[in-house]
Every structure is written in structure tokens, then in C-alpha cells.
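Okay, here's what each chain looks like letter by letter:
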Amino acid sequence: MFNKKHLALLASAGSLSLAGMATAQADTLEDTIERGAVQCGVSDGLPGFSAPDDDGNWQGLDVDVCRAVAAAVLGDADAVNYISLNAVERFTALQSGEVDLLSRNTTWTTTRDTTLGLNFTGVNFYDGQGFMVSRDLGITGADELDGASICIQSGTTTELNLADYFRANNMEFNPIVFDTSEQTVGGYQAGRCDVLTSDTSQLAALRIQLDDPEASMILSDVISKEPLGPVVRQGDDLWFNIVKWSLFAMLNAEEYGVTSENAEEMLNSENPDVARLLGQDGNYGEGMQLEADWAYNIISQVGNYAESFERNVGMDSPLEIERGVNALWNDGGFQYAPPIR
Amino acid sequence: MIHNKETIPQRPAPKGTIGPVAWLRGNLFNGPINSVFTLLGLYVLYLLVVPTVQWAFIDANWVGDSREDCTRAGACWVFVNARFSQFMYGLYPSEEYWRANIVFAMFAAIIAWMVIPRLPFKRWMALFALLIFPVIAYVLLHGGYFDLPRVSTHRWGGLMLTLLLASVGMIGALPIGIVLALGRRSNMPIVKTFCVIFIEFWRGVPLITILFMASVMLPLFLPSEISVDRLVRALIGLTLFQSAYMAEVIRGGLQAIPKGQDEAAAALGMTYWKRMGLIVMPQALKMMIPGIVNTFISLFKDTTLVMIIGLFDLLGIVQAALSDSRWLGFSIEGYVFAAFVFWIFCFSMSRYSQYLERKLNTGHKH
């Protein structure tokens, strides 16, 4: 008798907590407004994507996504609590509700999108595996690397991609494997290999650690697809839309030439696209339960995609990564945002 | 017969047996083989020390505020300089540093008070340190009371966090460890079984696993309304882990006390707690000082593992700083600095324990 009662009690407690979980997760927007800050999961330090600067403020391309969402939802790009997460715990932190948004150079793959109860909201950086070689070698493309000795960091998909690529192209290579990225750079610097391979975003960071960065160059060939993007929990479509359109707003702003500097003048723009983006013609934030100036807040406080890119990883940063495939669609790249209409 | 009634006056030692030259001959050059080894050792030292000094001091850059101020011929201490406050306080907002400073100062004062033998009221100070100081420290660091702005724990970091983790771990682990050690030696089967299981479980699992469980799995088990701060989770995991080790150290000390001591106390009519508190423990704890300090030092260094659950302790914040694209490539400087700070703390703990041993004369050398 007691046992049955006990079980029933447990069961009801369990279902209650499950129900509690469902409602708590479905109202991410409400929770965020109540808290007054977006809980954003970022990397515990990745050059150009998320790292604290000298004053302790988080900076980076991934960080700007957090800031954009905070600007859209709360009107203040600084209203973000950054939670640094490592690669293992990032998904759990999102699933358990510790963070509302994961913006941590996470590659969009089928498994992650379909089996973890998570949704990718877009791509803020198209990454891919590339090569760094010494300029003296005179190599211009990855197809000339037959027989090269290549420095790799172990335990990453980099190794597999490399083997696949060389087998597919009927070429030979001699892998020299290191444990950490610092050792990999050290090995390359000491001349133990001709080529260093990693994701292109990492290569740029590795290159400036060399004694003479100018003596090495990054080949433009990319041998794998690594689309990096923000992730949210499945089952909260409103929040999903907010994060998705925060990034789209930055891309659209670049396309229409709206920057953080001219956003205020642009409020009077005659261009209907700009007027719709900045909330001067209709309220396109309504469907996301946001104010009409949601996109204006993003652009004026965080900037458009080009500004964010150049500031964090592009030519205005030490990394000097070229736009390449991350340029807008009408500029030879992949970045394409649906129109705000 | 000639009797010399005067004592022969003391004469100085023969010339060749005193002074630096004699010392050198006696300790470094007493024989051809030792002489060769001495010279070899000196040469190796020369090979190591000269480039290190060259790198760390002579060629080093000390002033500036960006990587352009570094010639890269030697160490770039500019990096450590620019990030120094971050290494100390983590991402704590700079206008609130004074709060952390007060806590630091109080902490240092308490330690000094407890360490310097001449100062009175040790007992009251200990009570203050254990009961009131944590509350003051929490109120100051966390804020949210008395108009102090809240600084949530994910902004805490640097040396501040390392000290916090280590001191909470030490202060928490000692009493729990004592209770567990007594429990393991107890005659009560349930208490004994519980203590054995607890100790063996926590000792059998690596600290990394415990931290991972606390940070990754626990939130999935708990309903989402209950969210335990990740720092608190790490603190609980660290304390329980250390208490298991502490229990075994203390049990080792308890074993060493002759049974007669306990039996004599019992014959005087003392209760269990009196026997333990007045007779057994004071003797045992004295003997356990090296073991306890050893555990403390290892705990202090183990705190760096919280880096893997995304907390920025001293080492973690150094690594985060290394990933700032404006400061890429200064990892050696960062790690040397972190190692130096850790060494200072561990070395002082070790010296203090040696002093305590001498003072309490635990070696029974008399």
C-alpha cells in the first residue's frame, strides 16, 4: 500500500517536473526579458570568435551573435551573460537550459541537428579545412601537395578529412601529428613539415604566432565543409525565429549598406528595403513579439555583418581572414539572407 | 714528573680545514670523479641559466600596452602586465575590484593572524574566519545586498577563484574528512559501511569525472526550476572529493596512536567524543601535518581542473587571454607567470607546515 502511494507520488512529481521543464523551455523569450539578459554560451577562448579583451569584455564573431540577440530582444547589446563552455558540455548546457543560445563555432551537421533536440539557426561563418605553406615553396594550390609532410593536430576530424582528400586525389602525404595547436605551430616553425593543416579560421590564428608570419601563406583551397552557426533548443519556435532573424538582419544591413555609423541617418532612407529593415515601414518584429526597432538596435549597437566580420576576424583584426566564401551572395560568397518583407 | 696544570688553550682549526676553499674542497672537489661531476654540473647549469636569464630578464620587454611593444627577442612581460588585473580577478567588473580587494585583504589578515604565534584570541579569530568571514566574502563578492550591484559567479575568475576554490575545499574537506575517518573506524556497522562506501566511491573516481558529472550530467537530472550555480556545483564536487582523501590521511594518523591512549581515556570515564577530541585527535593531527599539507597542496593545484568545465581559474584565464587575437603567441609568458604564482602559494604552504612541525615537535626527536 505504502509502496503504491509512494510510487504514485514519485510519478506525479516526475511529470510535474517534466511539465515544468516544457513550459520553462518554451518561454525563452519571457525568461530572458524577466532576467534582463541573454544567457549565451560561447567558447572558452577562440581567437576572433570569442575571447575576453584586455578590459575583460568578450569580443568576437560568435560573441556578436549573442550581442545582436540581446539588442533585438532587450534593446541593449551589453545585456548578455557569457557562459564559457568547452566542446563536450556545450550541447548539454543548451539542453538543460543553462544557456538560451549557443554561439560557439559549432559545425552544423545532420547528427547534431536531428538527434540532440537542437536547432541550428543559420551560418555565421563558413569554415573549412585549409593549408598553410611557406611562401618559398612556390605552391599555389592544394593539388600540388603530393608527397608533402603535413603537421596536424591529433584527435580532430582534420586528420580524417586530410586522408580522404589525398586518397580521393590519388596523392601521398606524410602526417606529423601533434597534441596541441601550440605544438603544431612549433613543429611547423621548426621545419618538421612543409604544410600545416587546420580549419582556415584557426590557420589565420596560428599564422600570426609564427616568428615571421609574412613568410607563410594560407592556400585558398578548402577541402571540407564546416558551416559554423548559432544553436537553440528545439521546441521554442519563437526564440528560434528571433535568433535566426537577428543574424539575417545583420546580413541584410550589409546588403543595403546600413552600418552602425549611418543607421540613424538611414532611418529617413527612401529605400523601401531599408525602411522595412529599420522598422520605418511596418513592424516586422511583431511576429517575434519584438518592437519595430529590433533590427535598428542590432545594427546601431553591434553593426552589420561586414563590420562584425572585419572587426573580429577580417582585415581590421590581426587575423586578416579574407571574406572569401563568407562574402554576400551578390559579392561572390555564400552569405544570403531572406528579405525582410 | 711534570704536571701541566693549565689546560691547553684552544687553537683555531688548521688552515686547510675551514673557510670557503676548504668547503669547496670537502664538498665539491674531494677526488677526481667528484671534481669532474662538479665541473659537468656547473656547465649544465651554465647552459640552462644563461639563456633563461637572457630570455626572462635581459632581452625581455617590460613596458608597453600592445604586442607591437614586444621585440620577441626575449619574454614579453607586457602581455602579463596588460592582463594582470584579469589574471587576478577574472572577468570581474573593474569598477568593483575594491570589493574583491577587501576580501583579499581580510583573507590575508586572517591568515597572518593565525600564522603569527604572538597574536592573541586565535580561537575567536578561527571562529570568525569559519563562520562570519565566508558570509562577508559572499556578500561582498556576489553583491545584491546593501546596494552592491550583483556580480554573478560566471564573471569570477583568476587568482581570486583559485583561492576561493582551494580555501573552500580545504576548510570543507578537513571536518568532513575527520568525521569520515572516525566513522570508518567506528564499531557501528551502518555508519562504518556508509563511510567506507563514500570514501571508496569518491577516491575511485578521477576528479575530472566528478567535475564533468557536476557540470554536464547534474543539470539534466535536476528539474529545470532548480538550477544550481556551476561554481557551487564545482565547489561541492571538489570538497567531497578532497574529504575522501583527507579521511584516509587522518585515518592513517589515528592508526598510529597506541590503543592504550584511548583505553586509558575510557578508563577515566571519558565519553567517545571527549576521548577523540581531547586525547586521540590532538596527538593524531600533530602527526598528520605533512600528510594534510600534502593533500592541501595537491588540492590547490587540482583546482586548475575546473578550467575544463568552463570556469576561469588562474590557469583558465591565462589560456583565455592567450586566445585573444591581439595577444596570440605569448603562451610561454602566460604559463610561466601562472606557474610562478602557483609555486609561491605551494611553497609558502610547504614552509608553513615545516614550521608547524618544528613548533609542535611532532617528530618526537627529543
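Residues numbered from 1 in each chain as written. Chains lettered and ligands numbered in written order. Predicted model: local features only at pLDDT ≥ 70, side-chain atom pairs only at ≥ 80, totals over all residues.

Engineer: What exactly am I supposed to notice about the environment of B:Thr295 here?
Structural biologist: Residues and elements named next belong to chain B. Mapped onto the elements of the fold, Thr-295 is located in helix α12 (residues 272-302). We classify Thr-295 as buried; it has 23 C-beta atoms within 10 Å. Filtering out sequence-adjacent residues up to four positions away, Thr-295 remains in contact with Gln-242, Tyr-245, Met-246 and Val-249. (Helix = DSSP H or I, 4+ residues; strand = E, 2+ residues; numbered from the N terminus. Buried ≥ 20, exposed ≤ 12 C-beta atoms within 10 Å, placed from the backbone. Contact = placed C-beta atoms within 7 Å.)

Engineer: Which parts of the structure should I look at to understand the packing of helix α7 (residues 158-184) of chain B against α12(B)?
Structural biologist: Two quantities define a packed helix pair, namely the angle between the axes and the distance from one axis to the other. Residues and elements named next belong to chain B. Between α7 and α12, whose axes approach to 11 Å, the crossing angle comes to 140°. Relative to α12, the element α7 lies oblique. In terms of crossing hand, the pair formed by α7 and α12 is right-handed. Packed against α7, whose contacting residues are Ala-166, Gly-169, Met-170 and Leu-182, the element α12 presents Met-276, Phe-296, Leu-299 and Phe-300 at the interface. For the contact of α7 with α12, the residue count by class is 7 nonpolar, 1 polar and no charged. (Axes fitted to C-alpha atoms, helices over the stretch in contact; angles between N-to-C directions. Parallel < 35°, antiparallel > 145°, perpendicular 65-115°, else oblique. Left-handed = near helix turned anticlockwise from the far one by under 90°. Nonpolar A, V, L, I, M, F, W, Y, C, P; charged D, E, K, R; others polar.)

Engineer: For this particular structure, what's the right way to read the domain arrangement of chain B?
Structural biologist: Interfaces are often sized by the accessible area lost when the parts come together. Under the domain assignment, chain B is made up of domain 1 (96-150) and domain 2 (163-360). Computed from C-alpha coordinates alone, the two centres of domain 1 of chain B and domain 2 of chain B are separated by 21 Å. (Domains from an automatic or database assignment.)

Engineer: Please explain the pairing of strand β8 (residues 129-134) of chain A as it appears in this structure.
Structural biologist: For a regular strand, the rule is simple: side chains alternate between the two faces of the sheet. Residues and elements named next belong to chain A. Burial runs high along β8: 5 of the 6 residues are buried. The pairing of β8 with strand β11 (residues 195-199) spans 5 bridges and is antiparallel. Paired with Val-133 across the bridge in β11 is Val-195. (Pairing = 2+ DSSP bridges.)

Engineer: Teacher, can you tell me more about the sheet that holds strand β9 (residues 148-153) of chain A here?
Structural biologist: Adjacent strands of a sheet pair through backbone hydrogen bonds, lying either parallel or antiparallel. All names here are of chain A. What the 5 strands build is an open sheet, ordered β10-β9-β11-β8-β12; its pairing is mixed. On the outer flanks of this sheet lie β10 (173-178) and β12 (216-218), each paired with one strand and no other. Strand-to-strand twist of the sheet, defined as the mean angle between neighbouring strand axes without regard to direction, takes the value 30°. Relative to the sheet, helix α6 (residues 157-168) contacts β8, β9, β10 and β11, its axis offset from that of β9 by approximately 155°. Sitting on the sheet, helix α8 (residues 200-207) is in contact with β8, β11 and β12, with an inclination near 130° to β11.

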